[in-house]
Amino acid sequence: MGKKADENKKAILGRYGLIVSFLLLFCVLIVFSAGKIAFSSEGRKWREVGEKETIIKDRIILPKRGNIYTYDGKLLATSEPLYSIYMDFWAEGLKEDTLMKYVGDLSVALSKKFPDRTAAQYKTVILNGWKMRENEEQQIKNNAARGIDKKVTLKSRYVRILRPDISYVDLKEIRTYPFLNQRSNRSGLIAEEKNARKRPFGNLANRTVGNVYKDLEKGGASGLEMRFDSLLRGVEGVKSRQKIQGRWTDIEEIAAKDGYDIVTTLDADIQDITERALRAKLEETSAESGTAIIMETKTGEIKGIANLDRMSNGNYAEGNPNAFSYMNEPGSTFKTVTVMVALDDGLITPTDSFHVGNGLYQYNGKWVRDHYWRQGRDRGYLTVTEGMEVSSNVVMSKIVLKAYGDNPTKFVKGIDKIGLRKRLTWDVPLNGIEGTSSIRMPDDKVNYWSKTTLPWMSFGYESRVPPIYILMFYNGIANGGKMIKPFIAKTLLKDGKVVQKYQAEVVSEKMCKDTTLAQIQDMLVGVIENGTAKVVKSDHFSIAGKTGTAQIASGGGYGGYYVSFCGYFPVEDPKYTIFVGIRKPQGVPSGGGQAGMVFKNIAEQTFVKRTELKPDEAKIDSTLQKMPAIKNGNWENSHAVLSMLNFKTGRTDTASDWMSVKLDSAAYQPKALAMKGSGVPDVLGMGARDAVYLLEKSGLRVNLTGSGKVVSQSFAPESKLVRGTTISITLR
C-alpha cells in the first residue's frame, strides 16, 4: 500500500514539474518577445504603427491673445474662441444606417442655422464624405489583396462641414441636431478651436489699435497689435491626441501661456468725440483726409486719435496712420518755432517791428506773400506779436534773415535744442523717414540748402514735420516748457495684475527760457483773441493756439492745401492739447475756419464730459424748480413721503384716497379725484402702478405704453364703464 502511494506521489510531482517547466518556458518566451519588441527595429516599427493608430503627437495649443483696453477698462480688442467644424467618417462608432436615417433632418437643421448652403447642398457634402470613406476602405482592401504595403491617405477623416467658423454658443446648438447629438466617436463631429480677434467698439480707433493677420498665428499686422505683438501673442503649448477606450482625447503636454493685456491711454468717449468731429468736417469740405489728436497736457497720454481717409465709395474710414506718417510741410504752425528760437537767442523782442506793406516781399528773386496780399492794403509795420496774430510770412522771413542770415546753422541748432529734430519711435509702427521730422542743416549734402531755404523755413516750408511732432511741441508750451513724447500704451497686465507701467518720455526738459515761454504763450492767446483764429474762441474756456495753411508739394509744384490748427485749453491750467489737420479741403482753405472748428468742437465736448467743477463753482440755477413734482394717485402714500421730507401739505375734507396734487406758494394742495363706481376712473397724471390698480379694480383690462405718468386714456374719465373691455393708457 505504501509503495503504491509513493508511486502516485512521484507521478503527481512529475506532472506538476512538467506544468511548472512549461509555464517557466512560456514566461521566458513572453519576456524574450517583450524585449524584442522593446529593443529591436521590428519593435520600433510596431510601436510606430500603434502610435499612428492611437496617438497624434505634438499638436499646437494656441494661447489666448491678450486684450487691449481703454484707460478705464473698456475692451478695444479681445480674443474669442471660434470653431471650425469637421466630420471624421472613420469614427469607430459611426454607423452607415444611422447616418442615412438622419442625414436629411441634419441637413435641414444646418441650412436653417447657416443659410449659405441649402439643405440639399449640406446633404451632398455629408454623403460625399461617406462615399469618400467607402472608396478609401475599398482601396485598403484592394491593396491588402494584392499584397501591396502602401498607406492610403484617409481624407474622409477630416471633412469640413461648415464654411464659417462658429462660436461656442453655436457649437453647443449644433450638438443638439439630429445625428450630431451623439458622442463624438459615433457622430464623427470634430470642433477645431482657434482664436479670433473681436472689436467690441467696432472701428473705434481702428488704425491705432491696429489689425491682426487673418491667420491669427501670424500675429499683429499694424498699430498696437503689431508694436506689442510679442507680448500680446503669448506662448504656444503642446498637446497630443490619444485614442482612449475608442474616443479621441486631447492630452496637454506643455501648457500654453496666454498673452499679456495692454491698457491704453485712450478714452472711448473722447475717441468717439474726436472721430465724429473730424468726420463731420471732412464730409462738409469733401476733403481727401484728416487727422485729429487730443492728449493730456501734463501726462502725455493720448486720449483720442483719428486718422480718416476718403475711401473709393466716398465714405471716410480709418486708413493711413497720418498722425505719425504724414510728412507734408507744416505751414504756419511752424512760425511759433521760429519766434521761440529767435526770442530765446535774444535776437528779437515781441515789440520789434518789420515792414510788411501790402504783404509782398521779394527775396533773392522770389516773392514771399502774406495771405492778405491780394487785398492791396498797406499794413505798414507789424510787430513780432502782430505778425504771429495775423500769421505774416513776411514778418517771419524778415525775423530769420535779420537774426540768422549770416549763420543759418544757429537757427537749426535752436530748433534742435527744442527737441523737434530728435528721432523718436512711436506706439504705432512705421518704416523709413515716416514718424520723424525732417529738418535739415545748412551743410546737408543730400538735401541742398539754397539761399531761400532759411526764409521759407521760417513760415513752415522746406521742412517736413508729421502732426505728432507739432502736437508735442505745442503741448510743451502748455506744459511749462517741458516737452514730452505722446504715448498710447499705458499699462501691461498679466492675469489682471500690473506687470509694467509706461510713462511719457521726456524729449526736452526745458525747450526755452521762462521769459520766452511766457511771451510765446501770450502770442498764442492773441491769435485767438485778435488774429486768424477768432472763430475758434469759446464762450466756456480760454484757448491758445496757432493756425496753419500750407500748399502741398506735388510733382515738382504745388497742388491743394493742408490746413491745420494746434492749441491747448484752458489757458490758465491746460488740461488738453489738440492737433487737427485736414488735407485738400474744398472751398477757401482756412486753418481757423476748417481745422480750428474741429478743434473747438472736440474741446467743448471734452470739456463738458471731463471737466469737474468745484462745489463752490456749481451755482444754483434760480430758474429751476427745486420742489419735486408729485403725481396724482394715492394720497396716503404721497402724504407720507412729503411729511418725511418736511414739505408742507394742505388739508382735504374728503375721505377719498385718490387725489390730484398741485403745488402753490404755500404747500402741496390735494384735491379729490372724481371716482364714480359706474364710470371709467380718471387716471390722468398718475403713475403706472396706481393707474393700473384703479383700472383693473374697476374691471377693465389695461394696455400700457411708455413710462412716466399717464398723459392719455382711450376711454374718457367718468364715461360709461363696460367690464372686461380693454383700455389703452399712454405714459410719458
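No experiment lies behind these values; they were computed from the predicted model shown.

About the criteria used
- Residues numbered from 1 in each chain as written.
- Predicted model: local features only at pLDDT ≥ 70, side-chain atom pairs only at ≥ 80, totals over all residues.
- Heavy atoms only, no water.
- Helix = DSSP H or I, 4+ residues; strand = E, 2+ residues; numbered from the N terminus.
- Rg over C-alpha atoms; globule rule 2.2 N^0.38 Å.
- Areas by Shrake-Rupley, 256 points an atom, 1.4 Å probe, with all protein chains shown as cover.
- Lys, Arg positive; Asp, Glu negative; His and termini not counted.
- Charge placed at Lys NZ, Arg CZ, Asp CG, Glu CD.
- 1 Å grid on protein atoms, 1.4 Å probe; cavity = no way out; pocket = protein on both sides within 12 Å on 5 of 7 lines; lining within 4 Å.
- Points joined across faces, edges and corners; volume = space filled by probe spheres on them.
- Nonpolar A, V, L, I, M, F, W, Y, C, P; charged D, E, K, R; others polar.
- Pairing = 2+ DSSP bridges.
- Patch = residues over 30% accessible without salt bridge, like charges linked within 9 Å, V, L, I, M, F, W, Y side chains within 5 Å.
- Salt bridge = Lys/Arg side-chain N within 4 Å of Asp/Glu carboxyl O.
- Buried < 20%, exposed > 50% of the residue type's maximum accessible area, 1.4 Å probe, protein only.
- Arc of directions from axis to C-beta.
- Contact = heavy atoms within 4.5 Å.
- Phe/Tyr/Trp six-rings, centres within 6.5 Å; stacked < 30°, edge-to-face > 60°.
- Lys NZ or Arg CZ within 6 Å of the ring centre and 35° of its normal.
- pLDDT = per-residue confidence, 0-100.
- Core = buried A, V, L, I, M, F, W, Y, C linked by side-chain atoms within 4.5 Å.
- Polar contact = N/O pair within 3.5 Å; in protein donor to acceptor, adjacent residues only side chain to side chain.
- Axes fitted to C-alpha atoms, helices over the stretch in contact; angles between N-to-C directions.

**Comments concerning the overall build of the protein**
1) Next: Helix and strand content of the protein: 21 helices and 28 strands.
2) Next: In terms of C-alpha radius of gyration, the protein reaches 41 Å, well past the compact-globule figure of 27 Å for 732 residues.
3) Next: Its C-alpha atoms give the protein principal-axis dimensions of about 150 × 100 × 60 Å.
4) Next: Entry remark: accessible area of the protein is about 38,700 Å², with carbon and sulfur atoms responsible for 51%.
5) Next: The protein carries 106 positive and 82 negative side-chain charges, and their two centres are separated by 5 Å.

**Concerning the layout of surface pockets**
1) Next: The space that makes up the second largest pocket amounts to roughly 920 Å³.
2) Next: No other element matches strand β20 (residues 544-554), which puts four residues into the lining of the second largest pocket.
3) Next: Considered class by class, the residues forming the lining of the second largest pocket number eleven nonpolar, 14 polar and six charged.

**What to know about the sheet that holds strand β24 (residues 658-663)**
1) Next: The antiparallel open sheet is built from three strands, whose spatial order is β23-β24-β25. Unpaired on one side and paired on the other, β23 (633-634) and β25 (668-672) mark the two borders of the sheet.
2) Next: Note: β24 against β25, five bridges, orientation antiparallel. Looking at β25, one finds that L663 is bridged to Y668.

**Some words on unusual backbone geometry**
1) Next: Here the amide bond leading from F569 into P570 is cis, since omega sits at -20°, within 30 degrees of zero.
2) Next: Secondary-structure assignment places P570 in the loop between β21 (557-569) and β22 (576-583).
3) Next: Even without being glycine, S286 reaches a positive phi, approximately 50°.
4) Next: Here S286 is to be found in the loop between α10 (268-285) and β9 (289-296).
5) Next: One non-glycine residue, E462, lies in positive phi territory at about 65°.

**Observations concerning a positive patch on the surface**
1) Next: The grouping of K631, K662, K671 and K709 at the surface amounts to a positive patch.
2) Next: Counting through the fold element by element, K671 comes out in strand β25.

**Re helix α15 (residues 408-418)**
1) Next: If you check which residues of α15 are buried, you get P408, F411, V412, G414, I415 and I418. Within α15, the buried residues cover an arc of 150° as seen down the axis, which keeps them to one side.
2) Next: The secondary structure elements touched by the buried residues of α15 are α12 (335-344), α14 (393-404), α16 (453-458), α17 (467-478), β16 (483-484) and β19 (506-508).
3) Next: At the C-terminal side of α15, G419 shows a positive phi close to 115°.

**Some words on the packing of aromatic side chains**
Two numbers describe a pair of aromatic rings. These are the distance of the centres and the angle of the planes.
1) Next: Tallied over the full model, the rule gives 18 aromatic pairs.
2) Next: Centroid distance F228 to Y502: 6.1 Å. Interplanar angle 55°. Geometry classified as tilted. Of this pair, F228 sits in the loop between α8 (223-227) and α9 (229-232) while Y502 sits in the loop between β18 (497-501) and β19, placing them 274 residues apart in sequence.
3) Next: By relative accessible area, Y502 is classed as partly exposed at 22%.
4) Next: Here the aromatic rings of F647 and Y668 are separated by 6.1 Å at their centres, their planes lie at 65°, and the arrangement is edge-to-face. A residue pair is termed long-range when its members are at least 10 positions apart, and F647 in the loop between α20 (635-644) and β24 and Y668 in strand β25 qualify at 21 residues.
5) Next: Relative accessible area serves as the criterion here: at 2%, Y668 is assigned to the buried category.
6) Next: The ring of Y71 carries the charged tip of K303 above its face, separated from the ring centre by 4.2 Å.
7) Next: Here the basic side chain of R379 rests over the ring of Y372, its NZ or CZ set 4.0 Å away from the ring centre.

**Some words on the pairing of strand β10 (residues 302-310)**
1) Next: Of all nine residues making up β10, eight are buried, and the element is well covered by its neighbours.
2) Next: Pairing between β9 and β10: seven bridges, direction antiparallel. Counted as the bridge partner of G290 is L308 from β10.
3) Next: Connecting the antiparallel pair β9 and β10 is a turn made up of five residues, with G300 showing a positive phi of about 85°.
4) Next: Here β10 runs beside strand β11 (residues 316-318); their pairing, made up of three bridges, is antiparallel. By the bridge assignment for β11, D309 is matched with A317.
5) Next: Between β10 and β11, which pair antiparallel and follow one another directly, the connecting turn spans five residues, one of which, G314, has a positive phi of 90°.

**A closer look at the confidence of the model for the protein**
1) Next: Residue-level pLDDT values for the protein average 87, and 91% of them are 70 or greater.
2) Next: Predicted confidence in the protein is weakest over helix α2 (residues 41-54), with a mean pLDDT of 53, and strongest over β22, with 98.

**A word on the environment of R379**
1) Next: Examined against the element boundaries, R379 turns out to sit in the loop between β14 (366-369) and β15 (381-383).
2) Next: If sequence neighbours within four positions are ignored, R379 has contacts with V356, G357, Y372 and V390.

**Structural notes on the nonpolar core**
Considering soluble globular proteins, one finds that nonpolar side chains tend to be buried as a cluster.
1) Next: Counting 84 residues, the largest nonpolar core has V339, I399, I415, I418, L420, F473 and I477 as its most contacted members.
2) Next: Ranked by residues supplied to this core, first place goes to α17 with nine residues.
3) Next: Setting aside chain neighbours within four positions, we find I418 in contact with V337, M340, V341, F473, M483, S508 and M511.
4) Next: With 29 residues, the next largest nonpolar core counts A306, I528, A533 and V563 among its residues.

**Points about the side chain of S397**
1) Next: Mapped onto the fold, S397 is located in helix α14.
2) Next: Looking at S397, the relative accessible area reads 0%, which means it is buried.
3) Next: Of note is the side chain of S397, whose polar atom sits 2.9 Å from the backbone oxygen of V394.
4) Next: Once residues within four sequence positions are removed from consideration, S397 is found in contact with Y361, V368, P455, S458 and F459.

**Examining the sheet that holds β11**
1) Next: Strand order in the open sheet formed by six strands is β11-β10-β9-β22-β21-β20, with antiparallel pairing between adjacent strands. The sheet terminates laterally at β11 and β20, the two strands that pair on one side only. Across this sheet, the average inter-strand angle for adjacent strands is 20°, counted without regard to direction.
2) Next: Note: β21 against β22, eight bridges, orientation antiparallel. Paired with V563 across the strands is I582, a residue of β22.
3) Next: Along the sheet, α10 makes contact with β9, β10, β11 and β22, crossing β10 at roughly 30°.

**Some details on the environment of D258**
1) Next: Along the chain, D258 turns up in the loop between β7 (247-254) and β8 (261-264).
2) Next: Put simply, D258 and G234 are 24 residues apart on the chain and 4.7 Å apart in space, counted from C-alpha to C-alpha.
3) Next: If sequence neighbours within four positions are ignored, D258 has contacts with P63, K64, G234 and K494.
4) Next: From its side chain, D258 meets the backbone nitrogen of K64 in a polar contact 2.9 Å long.

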